[in-house]
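Single-letter residue listing:
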Amino acid sequence: MPSLGNIRRSFAPWEDPAAKPYISFQNVTKRFGTFTAVENLSLNVYEREFFSLLGPSGCGKTTLLRMLAGFEEPTEGELYLDGQPLKGVPPHKRPVNMMFQSYALFPHMTVADNIAFGLKQDGMAKPERDERVAQMLKLVKLEQFAGRKPHQLSGGQRQRVALARSVAKRPKLLILDEPLGALDKKLREETQFELMDLQQELGLTFMIVTHDQEEAMTMSDRIAVMDKGVIVQTGTPAEIYEAPNSRYVADFIGSVNILEGKVTPAGEGRIVLDGPDGRITGAVRDGAPATGETAWFAIRPEKIEIGRTPPEGAVNRLEGEVWDIAYLGDMTIINVKLASGTVVQAATLNRFRLVEDPIGYEERVWLSFNPDSGVVLRS
Amino acid sequence: MNARWSWFNITSVVFGFAFLYLPIVLLVIYSFNESRLVTVWAGFSTKWYGELFRNQGLLDAAWVTVRVAFISATVATVLGTLAAVSLVRFTRFNGRTLFTGMVYAPLVMPEVITGLSLLLLFVSINFARGFWTVTLAHITFSLCFVAVVVQSRLVTFDRSLEEAAQDLGCPPFQAFMKVTLPVILPAVISGWMLAFTLSLDDLVIASFTSGPGATTLPMKIYSQVRLGVTPEINAVCTILIGVVSVGVIIASILTKTREVQRQRDEQAAFAQ
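Remember, predicted model here, so these are calculated numbers, not experimental data.

A few words on the interface of chain B and chain A. At the junction of the two partners, chain B supplies 25 residues and chain A supplies 31 residues. For the pair chain B and chain A, the interface holds 1 salt bridge. Between E163 of chain B and R66 of chain A there is a salt bridge, and its shortest N-O distance comes to 2.7 Å. Where chain B meets chain A, there are 10 residue pairs in polar contact (both at pLDDT 80 or more). Top contributing element to the side of chain B that touches chain A by residue count: helix α7 (residues 159-167) of chain B, with 7 residues. Of the residues assigned to the side of chain B that touches chain A, the class counts are 12 nonpolar, 5 polar and 8 charged.

Written as structure tokens, this is what we have:
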């Protein structure tokens, strides 16, 4: 059976039942008054993993990080770091460092003093400390800014100082709360790769919180998608993208078309969804929905073919009218309105500079896709 | 913002400033009066300043005042800062609203009542009135002013700074001393200066709570004025005005230049 693409195939400790988790949340619940921020959550993260918590604001992802750093105590449940329970251990005694969303640079100290702060606190001797600070400044390419105060730096420079400060103590686990949130798009993309290199170079475990799905996809070994205090799905970026387990996850990561229908079986590993948009045949891997149940077929825009003539031999085909065209340079997105009124999005890669007679507005077009190009979702 | 100066504007500014500063200007002018009679000008002289430094009573009172002001401002700053920190930090304890109100109440309490109630307290616990009772009384009322000033700074203080310090290995108290305090220091200093000046010119509360041998300068001036205003008093007041103005000007220059420097730095950083 063809599998989902996993780029770092050699690194997958979560698939090894004998692997010891480095961070372990066990049935953790956190309540603030009557509000439940995190509910009965269990999660294992492994050493050297780049793990992302992804979710909309208010889904409890930051609370999870703050419990790990020690700024919040779980209301119920246990938290382990490298096998040691973390209950009652204050933040300054945890072998964990955090990079704050606001960067939290000390405004009254120079860049070098900010980086040296944690080392000084550990009582590291001055020559050694100076050497480490110089090393950190070099790592984040801020050598000539050592004597500046934070307010004399630009946003991107501040972000790098915050990063240098949080890795200066060589923590085994680095927690990053929306580390790139305040940067503009171009700088953010550059920094993503810098972070990945840094993680590889220092051999750290990274736990990062973000609401930017692209950021999570780019950097992570695994992603946990959160909603209202619970983890909806955990998996590699490819698993999350290609095999979401619910409409929530499918919709949160990337663009998706969701077509609804009533289930009827259609032979080995296949079902048919009868819905307002027509009959759609989908492939099911495990746990096929029962006959008569409502289910959804989720398919990504780039997996839909678009053409002017009815496609020969296609299992799934839908007819509609071109409603909107968005030219993005590398690809073109075409919204097609079906007879039922549903708008389906199809994306085509612009592989050729010159196209004869491209599809235009208000044209009648046919959309087609394979049963296993999308997933059947039950929730 | 290039509004022309109209006659109306000029008149209102002149009247406003005259209303505020005319009495003070008169006082300063008459402190250089040759004549013993305060309201009759008889030529320029600095003799009353010389006279002043030979008046042991006034000098003693000034020394008491400075000591009271220094001790009470310092203690009030420590306590007021602690109060402000707990008010801003612990937003969810029971009775916070009541506690906040109780910290602010003395700001609007008539001084006579504060003075009287303190006097009753000292009498009932049989505390000998003198230097320390005045100091205690001044701590009590200037504490709230410090709390207000420091609290307004703490509200905009990014809590994650302190968390970052803890995260890097600082126990909570050290994190406060190494990070929070240096950042809010300007507010703490201006709280101290406010407490110092409040104590320096308090008459009512000092009169209620003072005892033998602890006469403060405002009390001394007030009692002498009742026997008639002498140019000597004008001289004392002029010196006081001078001290206070210099303090205020230095403080505002310090904060102003820091702000200007900061803005220039930030512009430079973003222009790169």
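Further remarks concern the packing of α7 of chain B against helix α8 (residues 172-200) of chain B. Residues and elements named next belong to chain B. Contact pair α7 / α8: the axes reach a minimum separation of 9 Å and the direction vectors enclose 140°. When the axes of α7 and α8 are compared, the pair comes out oblique. For the element pair α7 and α8, the recorded crossing hand is right-handed. Contact residues: L161, E162, A165 and Q166 in α7; P172, A175, F176, V179, T180 and V183 in α8.

Our next topic: the domain arrangement of chain A. By a frequent convention, interface size equals the accessible area lost on bringing the separate parts together. All names here are of chain A. By domain assignment, chain A separates into domain 1 (13-247) and domain 2 (255-377). For domain 1 versus domain 2, the distance between C-alpha centres works out to 39 Å. The interface of domain 1 with domain 2 comprises 8 residues on the first partner and 7 residues on the second. A combined buried area of about 680 Å² lies between domain 1 and domain 2, and 57% of that area is made up of carbon and sulfur atoms. Here E242 makes a salt bridge to K303, at a shortest N to O gap of 3.1 Å. Between domain 1 and domain 2 we count 3 residue pairs in polar contact (both at pLDDT 80 or more) in total. Ranked by the residues each element gives to the side of domain 1 that touches domain 2, the list is headed by helix α7 (residues 237-242), at 3 residues. Here the side of domain 1 that touches domain 2 is composed, by residue class, of 4 nonpolar, 2 polar and 2 charged.

Next up on the list: the UniProt feature "domain: ABC transporter" (unreviewed entry) in chain A. In the UniProt entry, the feature "domain: ABC transporter" (unreviewed entry) is given for residues 23-253 of chain A. Strand forms 26% of residues 23-253 of chain A and helix 36%; the C-alpha atoms that close the span are 25 Å apart.

Residue and element names in this part refer to chain A. Summarising the element assignment, R308 is placed in the loop between β15 (305-307) and β16 (316-327). For R308, a relative accessible area of 36% translates into the label partly exposed. A sequence separation of 26 residues divides R308 from G282, and the C-alpha atoms of the two residues are 23 Å apart. Only 3.3 Å separates the side chain of R308 from the backbone oxygen of P358, close enough to count as a polar contact. A distance of 2.5 Å separates the side chain of R308 from the side chain of E363, its partner in a polar contact.

This part takes up the packing of aromatic side chains. Scanning all chains against the criterion turns up 13 aromatic pairs over all chains. Residues F50 of chain A and F206 of chain A carry aromatic rings whose centres are separated by 5.1 Å and whose planes lie at 50° to one another, so their mutual orientation is tilted. Taken as a pair, F50 of chain A in strand β3 (residues 50-54) and F206 of chain A in strand β8 (residues 205-210) lie far apart in primary sequence, 156 residues in all. For the pair F50 of chain A and F206 of chain A, a shared accessibility class is recorded, and that class is buried. Aromatic side chains Y30 of chain B and W41 of chain B sit 6.2 Å apart centroid to centroid with 70° between the ring planes, which places their arrangement in the edge-to-face category. Remark: W41 of chain B occurs in the loop between α1 (7-31) and α2 (47-52) and Y30 of chain B occurs in helix α1; sequence separation between them is 11 residues.

Grouped together as the largest cluster of nonpolar side chains are 60 residues, with contacts concentrated most on I23, F25, L53, L68, F106, L173 and M207 of chain A. Ranked by the residues each element gives to this core, the list is headed by α8 of chain B, at 9 residues. Counting residues in each nonpolar core, the second largest holds 33 residues, with Y103, L153, A162 and L174 of chain A among its members.

All names here are of chain A. Within the open sheet, the 6 strands sit side by side as β6-β7-β8-β3-β9-β10. Their pairing is mixed. Of all the strands in the sheet, the pair left with one neighbour each is β6 (96-99) and β10 (230-235). Between one strand and the next, the sheet's axes are offset by a mean angle of 20°, whatever the strand orientation. Judged from the 5 bridges that link them, strand β7 (residues 173-177) and β8 form a sheet pairing that is parallel.

Attention now moves to the pattern of salt bridges. Residues and elements named next belong to chain A. Counted under the stated rule, the structure contains 26 salt bridges over all chains. The residue K30 makes a salt bridge to E72 at a minimum N-O spacing of 3.9 Å. Taken together, the positions of K30 in strand β1 (residues 23-32) and E72 in the loop between α1 (61-69) and β4 (76-81) put the pair 42 residues apart, joining distant regions of the chain. With respect to burial, K30 and E72 carry one shared label: buried. Between R279 and D274 there is a salt bridge, and its shortest N-O distance comes to 3.0 Å.

Rules of the game
- Residues numbered from 1 in each chain as written.
- Chains lettered and ligands numbered in written order.
- Predicted model: local features only at pLDDT ≥ 70, side-chain atom pairs only at ≥ 80, totals over all residues.
- Heavy atoms only, no water.
- Contact = heavy atoms within 4.5 Å.
- Salt bridge = Lys/Arg side-chain N within 4 Å of Asp/Glu carboxyl O.
- Polar contact = N/O pair within 3.5 Å; in protein donor to acceptor, adjacent residues only side chain to side chain.
- Helix = DSSP H or I, 4+ residues; strand = E, 2+ residues; numbered from the N terminus.
- Nonpolar A, V, L, I, M, F, W, Y, C, P; charged D, E, K, R; others polar.
- Axes fitted to C-alpha atoms, helices over the stretch in contact; angles between N-to-C directions.
- Parallel < 35°, antiparallel > 145°, perpendicular 65-115°, else oblique.
- Left-handed = near helix turned anticlockwise from the far one by under 90°.
- Domains from an automatic or database assignment.
- Buried area = accessible area lost by both parts, 1.4 Å probe.
- UniProt positions renumbered as here; feature names shortened; annotations may be inferred.
- Buried < 20%, exposed > 50% of the residue type's maximum accessible area, 1.4 Å probe, protein only.
- Phe/Tyr/Trp six-rings, centres within 6.5 Å; stacked < 30°, edge-to-face > 60°.
- Core = buried A, V, L, I, M, F, W, Y, C linked by side-chain atoms within 4.5 Å.
- Pairing = 2+ DSSP bridges.

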